[in-house]
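# Observations on the three-dimensional arrangement
Here's the letter readout for the chains.
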Amino acid sequence: MSDKKKMSLEETMSRLEEIVGELEGEKLPLEKSLKLYEEGIKLVGQCSAELEAARRKIQILQQGKNGEIELVEIPEATFADEI
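Now for a description of the structure that goes with this document. What you are looking at is a predicted structure, and each value in this text was computed from that prediction instead of being measured. (Residues numbered from 1 in each chain as written. Predicted model: local features only at pLDDT ≥ 70, side-chain atom pairs only at ≥ 80, totals over all residues. Heavy atoms only, no water.)

### Focus on the overall build of the protein chain
- Counting its secondary structure elements, the protein chain contains three helices and two strands.
- Helices and strands appear in the protein chain in the N-to-C order α-α-β-β-α.
- Sorting the 83 residues of the protein chain into buried and exposed places 20% on the buried side.
- Of the roughly 6800 Å² of accessible surface on the protein chain, 56% is carried by carbon and sulfur atoms. (Helix = DSSP H or I, 4+ residues; strand = E, 2+ residues; numbered from the N terminus. Buried < 20%, exposed > 50% of the residue type's maximum accessible area, 1.4 Å probe, protein only. Areas by Shrake-Rupley, 256 points an atom, 1.4 Å probe, with all protein chains shown as cover.)

Structure below.
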């Protein structure tokens with residue numbers, strides 16, 4: 001799949017589902033199966049990168065000392081522990 005525009009996360013996930021369906025449901029020649037598998041691996045990498053970027057942008061609301069709501073960035077180290 002060589003789209004010039006970057007697919008959204010939802011489009012990428014949808015394409016991954018299509019690939020899995022093709023690989024599970026059809027008796028494909030080995031060469032086509034390998035091409036689909038390779039495309040799937042690339043798409044998984046794109047999804048992972050996009051999700052990681054989104055995780056870094058996450059902010060949580062926290063109530064401050066005076067009762068006001070303030071935005072607090074989640075430290076990047078928090079994510080490193082989960083990977």
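### A short note on the pattern of salt bridges
- Under the criterion given, the structure shown has six salt bridges.
- The salt bridge partner of glutamate 39 is arginine 15, with a shortest N-O separation of 2.9 Å. Within this pair, whereas glutamate 39 is found in helix 2 (residues 30-57), its partner arginine 15 is found in helix 1 (residues 9-25), the two being separated by 24 residues in sequence.
- Exposure remark for arginine 15: the relative accessible area of 12% places this residue in the buried category.
- In this structure, lysine 42 engages glutamate 38 in a salt bridge whose closest nitrogen and oxygen atoms are separated by 3.6 Å. Note that lysine 42 and glutamate 38 are positioned in helix 2 at a spacing of four residues, about one turn of the helix.
- Residue class for glutamate 38 comes out partly exposed when judged on its relative accessible area of 45%. (Salt bridge = Lys/Arg side-chain N within 4 Å of Asp/Glu carboxyl O.)

### Re the environment of methionine 7
- Turning to its location among the elements, methionine 7 is positioned in the segment before helix 1.
- On a C-alpha basis, the gap between methionine 7 and glutamine 46 in space is 9.4 Å, while along the polypeptide they are 39 residues apart.

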